[in-house]
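Coordinates in review
Listed here are the chains, written in short residue letters.
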Amino acid sequence: MTTEFRLAIGAALGQDRVRGNIRRAMDGLVTKRREAFPDPQERESLRDEGAAIRAEAVARLPELLEELERTCTGNGIQVHWAETGADANQIVLGILRAAGANAILKGKSMVSEEMGLNEFLQGQGIEALETDLGEIIIQLAHEAPSHIIAPAIHKDRAEVAALFRKHFPDQPPAQQIEELTALARTVMRERFRGMTAGLSGVNFAVAETGTLCLVENEGNGRLCTTLPDVHIAVMGIEKVVARLDQVPTLLTLLTRSATGQPITTYVNMISGPRRAGEKDGPTAVHLILLDNGRSRIHADPELSATLRCIRCAACMNHCPVYARLGGHAYGTVYPGPIGSILEPQLQGLAERGEMADASSLCGACAEVCPVRIPIPRLLNRLRYEAVSTRAASPTLGHGSRRLAVQSGIWRLWSWVCAHPRAYRALTRLLGLLRRLQPTRLPPWTDTREAPRLAPESLHRQARAAGFPDRA
Amino acid sequence: MPHTVYFFGTCLIDTLFPRAGLAAMQLLRRAGVRVIFPQGQTCCGQPAYNSGYRDEARAVARAQLDAFPADLPVVVPSASCAGMLRVQYPLLFADTADAARADAFAARVVELSDYLVRVLDVRLTDLGPPIRVAVHNSCSARRELGVADATMDLLGRLARVELVEPERAAECCGFGGAFSVKQPEISAAMAADKARAILATGAAVLVGQDCGCLMNLGGTLGRLGGGPLVRHLAEFIWERTHRDD
């Protein structure tokens, strides 16, 4: 069956340069993470803490969100609820129109990708200017992020240099990383002037204090949240945490897992608009809380672990499938292991269930997840939901991938393996007929030799060698 | 103190690589263990389980619970199948009438190299010539069960064997059971990279605890040509330590 995903996989596997770029970058991130956790015991106990903090937040999600709304409102932050990405876009548009803004500065936000915000605003005649270097690069190239923290991970220096040459012909040509960064800084600094509105994502929102935490390394995020008159923060509802004293644990897990940094260059704690007597900061701060299917995920006690995610991308940095495909082949906002459990739930198993099959269940993701999301376990669960005949399940599209032929084969297989006599008769027959075994068994033999059936099964050899059948 | 164990041969070894299974049983027997091979065993159920067919997997799994009734260790010459029996059965049977039985069964399951090292602490007399061996520890051995160290320890007891691990040793070989059929292109790309890393070690033999990985890598190496021999660790150790009398 050739689906869109399979076609994209085929295309991705043919792109050696992209694969090389991604692998080099991944290797760097994997090494940095390893070095950032020199003490395995400390790492594991931090992961325990992180998992507990996030599990608590997910378990108490409804009440924490209500508390967050109260505390934010008390701090002068205007809170908006959005059921879908389209709703969130309308809220952003309303705020921009009221502020008379015809452009918006954007800090890095995957939720805004989920909303399709840039495209939407463009359709409304409003320009969305990305300010994160990686996001600038892919915006110039008219591409989507291929990684959740390193959106241009698939591009190498030469490609970026060529892109900048094309788009900024007036600037001195840049080749080295430092020159490219300096060029981007020069160009972007000009754009920050006189902007009315800025948008950011949220790494953690603290229910107890109404504080929005944001990490970044370039300073562009802080400019987006402080320079314009209006700051709009968008977040998925799962990003809430109960207390401020839980943030340090999550921060250190996030930055060390993501980039191997003990802390990012900038950590922003936003607790409201400019107050009387303050010299800078926006005069209005809006927080948009996006559901977009998360409540449905929350309704399942096991799959709700998906919502613990703090978006560090360690799972994709360590994923052998992501290493081969890169992010674009998935065709979704969130790629890699987290994408493979999140997207089938957000968009439904009928649409994205195939992503859950694109894993060898090797467990490299779960081994590094800072909040211990059991990703292979959840992939297995989603595979079950996809073919399940259970009447009720909160998972969107459950049962939608059940095929009559396939389920018939599994039922037959199951019957044989549940009846030892039938199993032994069948394996005996296979052994006797082994000369009839076809040498070509696609897709297996497209790249491999076929294994040969043994003439005598282990069952028969064990008996012949005198191994008893019972205690 | 004499040991008695059950041996769970796995369906892959049963039908394709019985020599590996027999070698494992002979190793155990030579170490003084009484090995029982229940003829009622079939498959651990993992193929259906990882394809989402839990009811079908459970029916097969229940037959295994029936086939190994006594309170004896169940030794498994595959970390992947051992992981299914030990880690996944309790999840598969949770909230069913067989939950307690599955938990008790799971607790008795031991991967072969883990049993040989941790329980038996076997001594191996290496009779073979000096040789370089590449080890492929499966993802189940490394991550699900945490027995990769035991495998390295066990193979390290062969005096004239030089052990090497290929580059990116911890990375999956791309087998993944149904994955290799459902996503054949990705699987093949992973297998090709792993095969090249193995070739680069210059090893004469590739050894591992899982016949799934070995079938994938052996098949890929076979297509590339000129690669190392591929052996399950039990068969490799038996060949190196067995004297025909």
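The shown structure was predicted, so the numbers you read here are calculated from the model rather than taken from an experiment.

A look at the overall build of chain A
When its secondary structure is counted, chain A shows 24 helices and ten strands. With the principal axes as the frame, chain A shows a C-alpha extent of 90 × 55 × 45 Å. Looking at the 471 residues of chain A, the share that counts as buried comes to 55%. Once local pairs closer than 6 in sequence are excluded, the contacts in chain A between residues at least 24 apart make up 72%. Of the roughly 20200 Å² of accessible surface on chain A, 54% is carried by carbon and sulfur atoms. Taking the 56 positively charged and 51 negatively charged side chains of chain A as two groups, their mean positions are separated by 9 Å.

Observations concerning the pattern of salt bridges
Residues and elements named next belong to chain A. Applying the stated criterion to the full structure yields 51 salt bridges over all chains. Of the charged contacts, one joins Glu456 and Arg428 as a salt bridge, the two residues approaching to 3.5 Å between their closest N and O atoms. Here Glu456 is found in the loop between helix H23 (444–447) and helix H24 (458–464), whereas its partner Arg428 is found in helix H22 (residues 420–432), with 28 residues between them in sequence. Glu456 sits in the partly exposed class, given a relative accessible area of 29%. Judged by its relative accessible area of 26%, Arg428 is partly exposed. When salt bridges with common partners are traced through the structure, they connect Asp300, Glu302, Arg377, Arg381, Glu385 and Arg390 into a single cluster.

Digging into the sheet that holds strand S2 (residues 103–106) of chain A
All names here are of chain A. With parallel pairing, six strands are arranged side by side in an open sheet as S1-S10-S7-S4-S2-S3. Each edge of the open sheet carries a strand with a single partner, namely strand S1 (77–82) and strand S3 (127–130). Across this sheet, the average inter-strand angle for adjacent strands is 25°, counted without regard to direction.

Quick word on helix H2 (residues 18–30) of chain B
All names here are of chain B. Taking 1.5 Å of rise per residue, 13 residues should cover 18 Å, and H2 covers 18 Å from first to last C-alpha, within 8% of that figure. Residues of H2 that are buried include every one of Pro18, Ala20, Gly21, Leu22, Ala23, Ala24, Met25, Leu27 and Leu28, and no others. In the stretch just after H2, Gly32 is the one whose phi turns positive, near 90°.

Section: unusual backbone geometry
The step from Pro442 of chain A to Pro443 of chain A runs through a cis peptide bond, and the omega angle for that step is 0°. If you trace the backbone, Pro443 of chain A turns up in the loop between H22 and H23. For His142 of chain A, which is not glycine, the phi torsion reads 55° and is therefore positive. For His142 of chain A, a relative accessible area of 71% translates into the label exposed. Positive phi is not limited to glycine here, since Arg168 of chain B has a value of about 55°. Structurally, Arg168 of chain B is set in the loop between strand S6 (161–164) and helix H10 (179–182).

A look at the sheet that holds strand S8 (residues 240–241) of chain A
Sheet strands associate in pairs through backbone hydrogen bonding, adopting either a parallel or an antiparallel arrangement. Residue and element names in this part refer to chain A. The mixed open sheet is built from four strands, whose spatial order is S8-S5-S6-S9. Edge positions in the sheet fall to S8 and strand S9 (266–270), since each of these pairs with one other strand and no more. Pairing of strand S6 (residues 211–216) with S9 involves five bridges; the strand directions are antiparallel. Directly across from Leu212, in S9, lies its bridge partner Ile270.

Points about empty space enclosed by the protein
Residues and elements named next belong to chain A. Scanning all chains against the criterion turns up five cavities of 30 Å³ or more. Its volume calculated, the largest cavity comes out at about 140 Å³. Along the wall of the largest cavity there are 18 residues; nearest its centre are Cys319, Val321, Pro337, Ser359 and Cys365. The set of elements that each furnish at least two residues to the lining of the largest cavity consists of helix H15 (320–325), helix H16 (336–347), helix H19 (364–368) and helix H20 (375–387). A per-element tally of the lining of the largest cavity places H16 first, with three residues. Its residues assigned to classes, the lining of the largest cavity shows twelve nonpolar, six polar and no charged. Within this model, the second largest cavity holds a volume of roughly 90 Å³. Around the second largest cavity, the lining is made up of 14 residues, and of these Cys309, Cys312, Cys315, Cys369 and Pro370 lie nearest the centre. Here the lining of the second largest cavity is composed, by residue class, of 13 nonpolar, no polar and one charged.

Concerning the interface of chain A and chain B
Contact residues are listed per partner, giving 65 residues for chain A and 68 residues for chain B. Here chain A packs against chain B, burying approximately 6000 Å² in sum over the two surfaces, 58% of which is carbon and sulfur. It is Arg448, Leu458 and Phe467 of chain A in chain A that bury the most area against chain B; as a group they hold 12% of the surface buried on that side. There are seven salt bridges connecting chain A and chain B. The partner of Asp193 of chain B in a salt bridge is Arg324 of chain A, and the shortest N-O contact between them spans 2.8 Å. Along the contact surface separating chain A from chain B lie 31 residue pairs in polar contact (both at pLDDT 80 or more). Sort the elements by how many residues they give to the side of chain A that touches chain B and helix H21 (residues 404–418) of chain A lands first, with eight residues.

Regarding the nonpolar core
Counting 112 residues, the largest nonpolar core has Leu68, Val92, Leu96, Leu121, Ile232, Leu287 and Leu325 of chain A as the members making the most contacts within it. Sorting elements by how many residues they give to this core places helix H5 (residues 85–99) of chain A first, with six residues. Core analysis: the next-biggest nonpolar cluster, separate from the first, contains 41 residues, Phe467 of chain A together with Val75, Val161 and Val207 of chain B among them.

Let's talk about helix H4 (residues 54–67) of chain B
Helix length check: H4 of chain B, at 14 residues, gives a terminal C-alpha distance of 20 Å against a target of 20 Å (1.5 Å per residue), a fit within 8%. H4 of chain B sits mainly inside the fold: ten of its 14 residues count as buried. For H4 of chain B, every residue scored as buried is listed here: Arg54, Glu56, Ala57, Arg58, Val60, Ala61, Ala63, Gln64, Leu65 and Ala67 of chain B. The elements touched by buried residues of H4 of chain B are H20 and H21 of chain A together with helix H3 (46–49), helix H5 (79–92) and helix H6 (99–108) of chain B.

Considering the domain arrangement of chain A
Entries for chain A in the domain assignment read domain 1 (37–292) and domain 2 (404–464). A straight line from the C-alpha centre of domain 1 of chain A to that of domain 2 of chain A covers 54 Å.

What counts and what doesn't
- In this numbering scheme, every chain counts its residues from 1 along its sequence in written order.
- Written order decides the labels, with chains lettered from A and ligands numbered from 1.
- Side-chain atom pairs in this predicted model are given and counted only at pLDDT of 80 or more, local residue features only at pLDDT of at least 70, and totals for whole chains, interfaces and linings cover all residues.
- As a convention, hydrogens and water are excluded, and side-chain values are obtained from all of the structure's heavy atoms.
- The numbering of helices and of strands both runs from the N terminus, where a helix is a DSSP run of H or I of at least 4 residues and a strand a run of E of at least 2.
- Accessible area is worked out with a 1.4 Å probe on protein chains only. A residue is then buried under 20% of its type maximum, exposed over 50%, and partly exposed in between.
- In this description, contact between two residues means that some pair of their heavy atoms is separated by no more than 4.5 Å.
- Methods summary: accessible areas were calculated by the Shrake-Rupley approach with a probe of 1.4 Å, and residue burial reflects only the protein chains presented.
- Positive charge is attributed to Lys and Arg, negative charge to Asp and Glu, and no charge count is given to His or to the chain ends.
- Working definition for charges: the position is that of NZ of Lys, CZ of Arg, CG of Asp or CD of Glu.
- Only one rule defines a salt bridge in this text: a Lys or Arg side-chain nitrogen within 4 Å of an Asp or Glu carboxyl oxygen.
- When DSSP finds two or more bridges between a pair of strands, those strands are recorded as paired.
- The axes used here are C-alpha line fits, helices contributing only the stretch in contact, and every angle between their N-to-C directions lies in the interval 0 to 180 degrees.
- One fewer than the residue count of a helix, multiplied by 1.5 Å, yields its expected span.
- Grid spacing is 1 Å over the protein atoms alone, the probe is 1.4 Å, and a cavity is where that probe fits but cannot get out, while a pocket is an open set with protein on both sides within 12 Å along at least five of seven lines and lining residues have an atom within 4 Å of a point.
- Grid points are joined across faces, edges and corners, and a volume is the space filled by probe spheres set on the points.
- For this classification, the nonpolar set comprises Ala, Val, Leu, Ile, Met, Phe, Trp, Tyr, Cys and Pro, the charged set comprises Asp, Glu, Lys and Arg, and every other residue, Gly included, is treated as polar.
- Defined in terms of a 1.4 Å probe, buried area is the accessible area two parts forfeit on being brought together, summed over both.
- For the purposes of these results, a polar contact is taken to be a pair of N or O atoms within 3.5 Å, where, inside protein, one atom must be able to donate a hydrogen and its partner to accept one; residues adjacent in sequence count only when each atom of the pair is a side-chain atom.
- In this description, a nonpolar core means a group of buried Ala, Val, Leu, Ile, Met, Phe, Trp, Tyr and Cys residues linked to one another through side-chain atoms lying within 4.5 Å.
- Residue ranges assigned to the domains are those given by an automatic or database domain assignment.

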